[in-house]
Amino acid sequence: MWPCLDRQLTPNVCLEMLRTYHSSEIAPTTVGADIAALLTAQGIHRRFAAGSWVQHSGDDGNGFWLIRRGNVAACRYGEDGGLTIFAVLGPGDLFGELAYFAKTKRQADAIAQSDADLVWIGPVLIQQLLSTQPGFAETLLRSLASQLRAALDRIDIARHGKGEARLAAALIEMAKSGAQEAQDIICTQQELADYVGISRVQTGAILTKLEQQGTIKRGYGKITIVALNNLAAAAAGRI
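Residues numbered from 1 in each chain as written. Predicted model: local features only at pLDDT ≥ 70, side-chain atom pairs only at ≥ 80, totals over all residues. Heavy atoms only, no water.

Colleague: Would you take a moment to explain the pairing of strand β5 (residues 72–77) for this structure?
Modeller: Where a strand is regular, its side chains alternate between the two sheet faces. Counting buried positions over the six residues of β5 gives five, a clear majority of the element. Sheet topology places β5 next to strand β8 (residues 109–112); four bridges connect them, and they run antiparallel. Across the sheet, A74 pairs through a bridge with A110, a residue of β8. (Buried < 20%, exposed > 50% of the residue type's maximum accessible area, 1.4 Å probe, protein only. Helix = DSSP H or I, 4+ residues; strand = E, 2+ residues; numbered from the N terminus. Pairing = 2+ DSSP bridges.)

Structure (structure tokens):
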């Protein structure tokens, strides 16, 4: 979907071409300042240049990462070479913990979107913190429960939701967190169509309808959510 993450491109080209959006198919585990400070003090620090691979799908899930600075894209290449972006994670987010606790191989690739400072949390430290830091365990349990709920929601939408509901739900997932009503999503119509799994023509028709209703506003390479409540109603199939 995004050729900027092609293995053959240089980090500088990747940095110039890559655009960021968030989705909750892989919902990030975001830790508080106290837990982040604890992990930073005890974990192993690594630096990755923009465009560098942090992990590959199929790697052993023998630990996980905390992002201190920069952004990391969680993604997966399909058999046909197409790329699916699940999320772009930022400072304070953990990633890789699902594979660790499930004792499975990594299910997604991770690529530094920008120059990034990461902290590696290995198995010995994880077990130590689980035994001595209740806040760490609670954070992970809440995150795992949230990710399960998000996955079930997406399955329900994929099975039963109409195209408009699925697209509206995707826009909500991709929106930046924050209290403000108007939120910008940086993506193209084709990227949105690929993510939702509907045609570009159908995506355009739905976006036109939402824009006419005053729910969104389209710009060059971006979609602005104007009325989040209306978008939520569309996702629930009420408008």
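Colleague: Looking at this structure, I do not really get the pattern of salt bridges. What am I missing?
Modeller: Here the idea is simple: oppositely charged side chains can pair when their charged atoms come close. Scanning all chains against the criterion turns up six salt bridges. With a closest N to O distance of 3.8 Å, D184 and K222 form a salt bridge. Of the two residues, D184 sits in strand β10 (residues 183–186) while K222 sits in strand β12 (residues 222–225), which places them 38 residues apart along the sequence. Taken together, the shared-partner salt bridges connect R47, R69 and D117 into one network. (Salt bridge = Lys/Arg side-chain N within 4 Å of Asp/Glu carboxyl O.)

Colleague: Would you mind showing me how to read the packing of aromatic side chains here?
Modeller: Tallying each qualifying case throughout the model produces five aromatic pairs. Measuring from ring centre to ring centre gives 6.0 Å for F64 and Y100, while their planes differ by 75°; the resulting arrangement is edge-to-face. A residue pair is termed long-range when its members are at least 10 positions apart, and F64 in strand β4 (residues 64–69) and Y100 in helix α3 (residues 97–102) qualify at 36 residues. The buried category is assigned to F64, whose relative accessible area is 0%. With a centroid separation of 5.0 Å and an interplanar angle of 80°, the aromatic rings of Y100 and F101 are classed as edge-to-face. (Phe/Tyr/Trp six-rings, centres within 6.5 Å; stacked < 30°, edge-to-face > 60°.)

Colleague: Which parts of the structure should I look at to understand the sheet that holds β10?
Modeller: Where strands meet in a sheet, backbone hydrogen bonds hold them as pairs that are either parallel or antiparallel. The strand order across the open sheet built from three strands is β10-β12-β11, with neighbouring strands paired in antiparallel fashion. A single partner strand is all that each edge strand has here, and the edge strands are β10 and β11 (216–219). Taking the axes of each pair of neighbouring strands and ignoring which way they run, one obtains an average angle of 20° across the sheet. Pairing of β10 with β12, which is carried by four bridges, proceeds in the antiparallel orientation. Paired with Q183 across the two strands is I225, which belongs to β12. (Axes fitted to C-alpha atoms, helices over the stretch in contact; angles between N-to-C directions.)

Colleague: How should the side chain of T224 be read in this particular structure?
Modeller: Within the element layout of this structure, T224 appears in strand β12. Side chain to side chain, T224 and D184 meet in a polar contact 2.6 Å long. (Polar contact = N/O pair within 3.5 Å; in protein donor to acceptor, adjacent residues only side chain to side chain.)

Colleague: For this particular structure, what's the right way to read helix α6 (residues 163–174)?
Modeller: Three or four residues apart is the spacing at which side chains of an α-helix point the same way, because the helix has 3.6 residues per turn. A rise of 1.5 Å per residue sets the reference length of α6, with its 12 residues, at 16 Å; its end C-alpha atoms lie 16 Å apart and thus fit the reference within 8%. Judged by how many residues are buried, α6 sits mostly within the fold: 10 of 12 residues are covered. Looking at α6, one finds that the buried residues are G163, E164, A165, L167, A168, A169, A170, L171, E173 and M174. (Expected span 1.5 Å × (residues − 1).)

Colleague: So what exactly am I meant to see when it comes to the nonpolar core here?
Modeller: In summary, soluble globular proteins display a tendency toward joint burial of nonpolar side chains. The biggest cluster of nonpolar side chains holds 20 residues, and the ones touching the most others in it are L167, L171, L192 and L210. Broken down by secondary-structure element, the contributors of at least two residues to this core are α6, α7 (189–196), α8 (200–212), β12 and α9 (228–235). Per-element accounting of this core gives the leading share, five residues, to α6. L192 has contacts with L167, A170, L171, M174, C187, T203, L207 and I223, leaving out every residue within four places of it along the chain. Core analysis: the next-biggest nonpolar cluster, separate from the first, contains 16 residues, L39, F64, V119 and I126 among them. (Core = buried A, V, L, I, M, F, W, Y, C linked by side-chain atoms within 4.5 Å. Contact = heavy atoms within 4.5 Å.)

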